[in-house]
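What the coordinates show
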Amino acid sequence: MTVTIFTMTHKKFREPEDAIYVPLHVGRACSGDYGYAGDDTGDNISAKNCYYGELTGVYWVWKNVRTTDYVGICHYRRYFCTEEGRILNEKDYLSILQDYDIITSKRLKLNYSYFDGYASDYNIFDLVTTGEVIRQMYPAYYDAFERLVHGSGTYFGNMMVTSKALYDEYAVWLFSIFAEVEKKIDATQYDDYHKRVFGFISEFLLYVWVEVKGLKVCECKVGMTTEKYETKQMKERLSEFFREGDLAGAKAYFLGVLEKRPDVLMEASDITGELKLAMQVIAVCELERQAYGESVIDRLRQFEDLMHYFNGVNEAVNACKLGQLSEREIGFLRENRVSEIAVEASARLFISEEKELADITGALFPVLSGR
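Scope of this entry: the structure provided in the associated data block. Each chain carries its own residue numbering, running from 1 in the direction its sequence is written. Side-chain atom pairs in this predicted model are given and counted only at pLDDT of 80 or more, local residue features only at pLDDT of at least 70, and totals for whole chains, interfaces and linings cover all residues. Side-chain numbers come from the whole structure's heavy atoms, not from hydrogens or water.

**Quick word on the state of the cysteines**
Filter applied, for reference: Throughout, disulfides are identified as pairs of cysteine sulfur atoms within 2.5 Å of each other.
Inspection of every chain in the model, using the stated rule, returns 0 disulfides. Here Cys30 is not disulfide-linked; the sulfur of Cys50 is the nearest cysteine sulfur, at 6.6 Å.

**Some details on the pairing of strand S6 (residues 102-105)**
Condition: Whether two strands pair comes down to DSSP finding at least two bridges between them. Under the DSSP-based scheme used, a helix requires at least four consecutive residues in state H or I and a strand at least two consecutive residues in state E, with every element numbered from the N terminus.
Across 3 bridges, the pairing between S6 and strand S9 (residues 160-163) is antiparallel. Its bridge partner lying in S9, Ile103 is registered against Val161. Here 4 bridges tie S6 to strand S10 (residues 217-224), and the two strands are oriented parallel to one another. The partner of Ile102 across the bridge, within S10, is Val217.

**Considerations on the pattern of salt bridges**
Convention followed: Definition used for salt bridges: Asp or Glu carboxyl oxygen within 4 Å of a side-chain nitrogen of Lys or Arg.
A full pass over the atoms with the stated rule returns 22 salt bridges. Linking Lys183 and Glu180 is a salt bridge whose minimum nitrogen-to-oxygen distance equals 2.9 Å. Of this pair, Lys183 and Glu180 both sit in helix H7 (residues 164-184), 3 residues apart, roughly one helical turn. The shortest N-O distance in the salt bridge between Arg348 and Glu354 comes to 3.4 Å. Connected via shared salt-bridge partners are Arg28, Asp33 and Asp40.

**Some thoughts on the packing of aromatic side chains**
Going by this rule: The aromatic pairing rule takes the rings of Phe, Tyr and Trp, using the six-membered ring of Trp, and pairs them if the centres are within 6.5 Å, calling planes under 30 degrees apart stacked, those over 60 edge-to-face and the rest tilted. Using a 1.4 Å probe on the protein chains alone, a residue whose accessible area is under 20% of its type maximum counts as buried, one over 50% counts as exposed, and one in between counts as partly exposed. Working rule: Lys NZ or Arg CZ, within 6 Å of ring centre, within 35 degrees of ring normal, means a charge sits over the ring.
Inspection of every chain in the model, using the stated rule, returns 30 aromatic pairs. The interplanar angle of 15° and the centroid separation of 6.1 Å between the aromatic rings of Phe242 and Phe303 together place this pair among those described as stacked. With Phe242 in helix H9 (residues 229-244) and Phe303 in helix H12 (residues 303-321), the pair connects residues that are 61 residues apart, well separated along the chain. On the basis of relative accessible area, Phe242 is assigned to the buried category, the value being 0%. Looking at Phe303, the relative accessible area reads 5%, which means it is buried. Grouped by ring-pair contacts, the aromatic residues Tyr114, Tyr118, Tyr122, Tyr142, Phe145, Tyr155, Tyr193, Phe200, Phe204 and Tyr207 constitute a single cluster. Above the face of the Trp62 ring, Lys63 is positioned so that its terminal group lies 4.1 Å from the ring centre. Its guanidinium or amino end placed over the ring of Tyr253, Arg237 lies 6.0 Å from that ring's centre, counting from NZ or CZ.

**A look at helix H5 (residues 124-137)**
As a reminder, the rule being used: Each helix should span, by expectation, one fewer than its residue count multiplied by 1.5 Å. The contact criterion used is simple: two residues touch if any of their non-hydrogen atoms lie within 4.5 Å.
With 14 residues, H5 should cover 20 Å at 1.5 Å per step; its first-to-last C-alpha distance of 20 Å lies within 8% of that length. Within the sequence span of H5, burial applies to Asp126, Leu127, Thr129, Thr130, Gly131, Val133 and Ile134. Against the buried residues of H5 lie helix H4 (114-121), helix H6 (139-149), H7 and helix H8 (197-213).

**Focus: the side chain of Thr130**
You can see Thr130 is positioned in helix H5. Judged by its relative accessible area of 0%, Thr130 is buried. Discounting chain neighbours no more than four positions away, the residues touching Thr130 are Ile177, Val181, Ile201 and Leu205.

**Some remarks on the nonpolar core**
Considering soluble globular proteins, one finds that nonpolar side chains tend to be buried as a cluster. Note the threshold: We call a set of buried residues a nonpolar core when its members are Ala, Val, Leu, Ile, Met, Phe, Trp, Tyr or Cys and they connect through side-chain atoms within 4.5 Å of each other.
If you look at the biggest cluster of nonpolar residues, it comprises 55 residues, and the most contacted ones within it are Phe6, Val61, Phe175, Phe178, Phe204, Leu205 and Trp209. Of all elements in the fold, only strand S1 (3-9), helix H2 (55-64), strand S4 (70-75), H4, H5, H6, H7 and H8 reach the threshold of two or more residues within this core. Element by element, the count of residues in this core is highest for H8, at 11 residues. In this structure, Val284, Val296, Phe303 and Phe365 belong to the second largest nonpolar core, which totals 43 residues.

**Some details on H9**
Structural remark: α-helix, 3.6 residues per turn; residues separated by three or four positions point the same way. Test applied: Here the arc refers to the set of directions running from the helix axis out to each C-beta atom.
The terminal C-alpha atoms of H9, which comprises 16 residues, lie 23 Å apart, in line with the 22 Å expected from a rise of 1.5 Å per residue. What H9 keeps buried is the set Thr231, Met234, Lys235, Leu238, Ser239, Phe241 and Phe242. What you see down the axis of H9 is that its buried residues fit within an arc of 165°, all on one side. Those residues of H9 that are buried are in contact with helix H10 (247-260), helix H11 (274-292) and H12.

**Focus on the packing of H5 against H6**
Under the convention used in this document: Lines fitted to the C-alpha atoms define the axes, with helices restricted to the stretch that makes contact. Angles between their N-to-C directions range from 0 to 180 degrees. If an angle is under 35 degrees, it is roughly parallel; if it is over 145, roughly antiparallel; if it lies from 65 to 115, roughly perpendicular; otherwise it is oblique. Crossings are classed by handedness, with left-handed meaning an anticlockwise turn of the near helix from the far one by less than a right angle and right-handed meaning a clockwise turn.
The contact between H5 and H6 brings their axes to 6 Å, and the two run at 150°. Taken together, the axes of H5 and H6 lie roughly antiparallel to each other. H6 is crossed by H5, and the crossing has left-handed handedness. Between H5 and H6, the contacting residues are Leu127, Gly131, Ile134, Arg135, Gln136 and Met137 on the first element and Pro139, Tyr141, Tyr142, Phe145 and Val149 on the second.

**Structural notes on the pairing of strand S2 (residues 21-25)**
Within S2, 4 of the 5 residues are buried, which leaves the element mostly enclosed by the surrounding structure. Here S1 runs beside S2; their pairing, made up of 5 bridges, is parallel. By the bridge assignment for S2, Met8 is matched with Leu24. As paired strands, S2 and strand S3 (residues 37-38) are joined by 2 bridges and run parallel to one another. Counted as the bridge partner of His25 is Gly38 from S3.

**Remarks on the environment of Val343**
Inspection of the secondary structure assignment puts Val343 in helix H14 (residues 340-350). Residues Val343 and Leu368, 25 residues apart in the sequence, show an inter-C-alpha distance of 9.3 Å. Excluding residues within four positions of it along the chain, Val343 makes contact with Val313, Val317, Val338, Leu364, Phe365 and Leu368.

**Quick word on the environment of Arg237**
Summarising the element assignment, Arg237 is placed in helix H9. Judged by its relative accessible area of 33%, Arg237 is partly exposed. Separated by 45 residues in the primary sequence, Arg237 and Asp192 have C-alpha atoms spaced 21 Å apart.

Keep in mind that these numbers describe shape and distance, not what the molecule does.
So this is what it looks like as structure tokens:
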């Protein structure tokens, strides 16, 4: 039995040494040649890459690959891996697929419904239209679509490994739906990010398809080999604002990027969690300046120092929440002169129930002053 994992890429990258990983340049019809096999040969939709993202590669594999028993999709910086972080090899895949029908990314558990999340970041008409097309073309899938779209789960990244037969079955289903959706929506006026409407919706549709098919799923850890370019760029720019103590500039910049790229805060993009911490920095320091006339950013200006500070605050709050507050956390709070505003803001990140929030802040506020 053979396994081939196609690594979707739109740029040069450091390839895994394992020969089962085959780079595939997606959208090559619209860009330069990096020396990899491209999705613009044979039966292809490479020219639609601005709307389909990595799905132009998914389509190409469906239509043009016939020489492998199992086929998979990963990304140039995202790979299925063990819990310890080792990228899976052919032996790993064959072992897993003896017991499972398909390997997917671990299901995301959202703090809101998929429908509400999509509506907040994208044009909800596109998702509703997709559901209507499913109702018309595949009525047996519609009830599951409606139930899951109002639930809080989804897969991410369009990553999967399965038999070529199941892969082809999924592709027939997916691309037949999108062929009809294309006729009903107009994404030509969207910005470059939001144009990738079919790539975004397909992540959720894989979840629907797997659910209805009743497949035995191995939800696998996804490891990141490099930080997303947009994430790195944001952190560098925020560092500049923080060094200047310019909270207004940092906030305006952050919100501006977030409006165009709401995905930057997803776990798959913000793999260190530092962008979420940067939001915490901005919010807390604004409140501290309003209340006290100064804030922690007037003492700490380096991005790394601010990340260490707010990580420490969050760890102390979590330790208190779990009843495990130790002298180490208490010492951190006192030595760093952490304010009540910073503690309460941190607590609100993890606690939604007002009574529990009051209990935690009531326990921690006296600690700050040594009472």
